[in-house]
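Report on the structure
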Amino acid sequence: MALTGLFLCLFLVVHLAGNLQLLLPKETAVIQFNLYSRILSGNYFIKVISWLLFLSIVLHSIYALIITIKNRKASGSAYAYDRRKVVSSWSSRNMGLLGSIILIFLVIHLKDFWYQYSFGTLPLDDEGNKDLFSIVVSAYGRLWYVILNIVAFMALGYHLLHGFYSAFKTLGVYPSKLSRGLYYLGIGFTLIITTGFIIIPVFVYLNYHT
Ligand code: HEM
């Protein structure tokens, strides 16, 4: 769970960096974003990473489901006084719910962008590359879709807030001097990833559709 989670965190950094190109001035953004997508999709090394990514998502979700069921069974009504709300954070107690929201987002997201790009017929830009830029810009022209994305990114943020630090604890970093540093690194990582992703649909909506 920890290893697949950290691999997914690494993907988020790369994916955010690639998608931030959407914030460039329009003429540059179209060419650069579409070229970037073509280079990624044509590279065999990236293809292997991409399948590893899908495998990680599946394994991470299945294992999360198993843990949630085990936890439910273990925390029956035997406790005289439930102190879990006092000693644990909201995000740590709701990882299953947060993960489910992210999973629903992912299904919609992959259908709209990844599937369209890989199997759909897309118009070409002036350089002859598939115009994924226009697909993304037109998707974020719908306010409800922008809001849906923001809700999913906030769920991702809360999920990371607990998940990032917890993954290192699982790998044995806790208790040690590194532990406190990793806790703050987790908060910083979460803030950058969440804000970075939220800025994109908001920017596209305000810049191209109002
Ligand atoms: C504003 C934010 C985002 C934008 C504009 C965006 C855009 C895209 C686009 C255009 C693709 C298809 C092209 C490609 O494969 O690279 C894609 C694929 C994908 N996105 Fe996103 N994305 C965003 C956020 C996210 C988030 C937060 C997650 C995870 C929770 C995510 C997970 C994925 C995955 C797993 C793929 C398939 C990658 C692959 O082909 O290997 N995306 N995204």
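To be clear, the structure that these remarks concern was listed above.
Figured I'd write up the structure that's included with this text. (Residues numbered from 1 in each chain as written. Predicted model: local features only at pLDDT ≥ 70, side-chain atom pairs only at ≥ 80, totals over all residues.)

1. Some points on the overall build of the chain
- When you go through the chain residue by residue, the secondary structure sums to 9 helices and 0 strands.
- Its C-alpha atoms give the chain principal-axis dimensions of roughly 65 × 40 × 35 Å.
- When burial is assessed residue by residue, the chain has 20% of its 210 residues classed as buried. (Helix = DSSP H or I, 4+ residues; strand = E, 2+ residues; numbered from the N terminus. Buried ≥ 20, exposed ≤ 12 C-beta atoms within 10 Å, placed from the backbone.)

2. Looking at the nonpolar core
- Judged by nonpolar contacts, the single largest core of 27 residues is most densely connected at Phe133, Val136, Ala155 and Leu156.
- Those elements that place two or more of their residues in this core are helix H2 (26–42), helix H6 (95–119), helix H7 (132–139), helix H8 (143–170) and helix H9 (177–209).
- It is H8 that contributes the most residues to this core, 12 residues altogether.
- Sequence-distant contacts of phenylalanine 133, defined by excluding residues within four places in its chain, comprise Ala29, Val30, Phe33 and Asn34. (Core = buried A, V, L, I, M, F, W, Y, C linked by C-beta atoms within 7 Å. Contact = placed C-beta atoms within 7 Å.)

3. Focus: the packing of helix H1 (residues 2–19) against H9
- Direction vectors running N to C along H1 and H9 enclose 35°, while the axes themselves pass 10 Å from each other. Remark: the crossing between H1 and H9 carries left-handed chirality. Across the interface between the two elements, Leu12, Leu16 and Asn19 of H1 pack against Ile193, Gly196, Phe197 and Ile200 of H9.
- Across the contact of H1 with H9, the residue classes tally to 5 nonpolar, 2 polar and no charged. (Axes fitted to C-alpha atoms, helices over the stretch in contact; angles between N-to-C directions. Left-handed = near helix turned anticlockwise from the far one by under 90°. Nonpolar A, V, L, I, M, F, W, Y, C, P; charged D, E, K, R; others polar.)

4. Some words on the site of the ligand
- Taken together, 20 residues lie near the ligand, and Asn19, Ser50, Phe113, Trp114 and Ile200 sit nearest.
- Mapped onto the shell around the ligand, the elements with two or more residues apiece are H1, H2, helix H3 (44–74), H6, H7, H8 and H9.
- Here the element with the most residues in the shell around the ligand is H6; it accounts for 7 residues. (Near = placed C-beta within 6 Å.)

5. Digging into the environment of serine 138
- By the element assignment, serine 138 lies in helix H7.
- Its 13 C-beta neighbours within 10 Å are what place serine 138 among the partly exposed residues.
- It is 8.9 Å that separates the C-alpha atoms of serine 138 and valine 204, two residues lying 66 residues apart in sequence.

6. Topic: the environment of glutamine 32
- Following the sequence through the fold, glutamine 32 ends up in helix H2.
- Judged by the 15 C-beta atoms lying within 10 Å of it, glutamine 32 is partly exposed.
- Separated by 96 residues in the primary sequence, glutamine 32 and glycine 128 place their C-alpha atoms 12 Å from one another.

7. Topic: the packing of H6 against H8
- Axis separation between H6 and H8 bottoms out at 9 Å; the angle between their running directions is 135°. With respect to each other, H6 and H8 are oriented oblique. By crossing handedness, the relation of H6 to H8 is classed as left-handed. Of the residues in H8, those in contact with Met95, Leu98, Gly99, Ile101, Ile102 and Phe105 of H6 are Ala152, Ala155, Leu156, Tyr158, His159, His162 and Gly163. (Parallel < 35°, antiparallel > 145°, perpendicular 65-115°, else oblique.)

8. Side note on the environment of isoleucine 102
- Position of isoleucine 102 among the secondary structure elements: in helix H6.
- Among the residues examined, isoleucine 102 registers 20 C-beta atoms within 10 Å and is labelled buried.
- As a C-alpha pair, isoleucine 102 and isoleucine 135 span 33 residues in sequence and 21 Å in three-dimensional space.
- Excluding anything up to four places from it in sequence, isoleucine 102 contacts Ala152, Ala155, Leu156 and His159.

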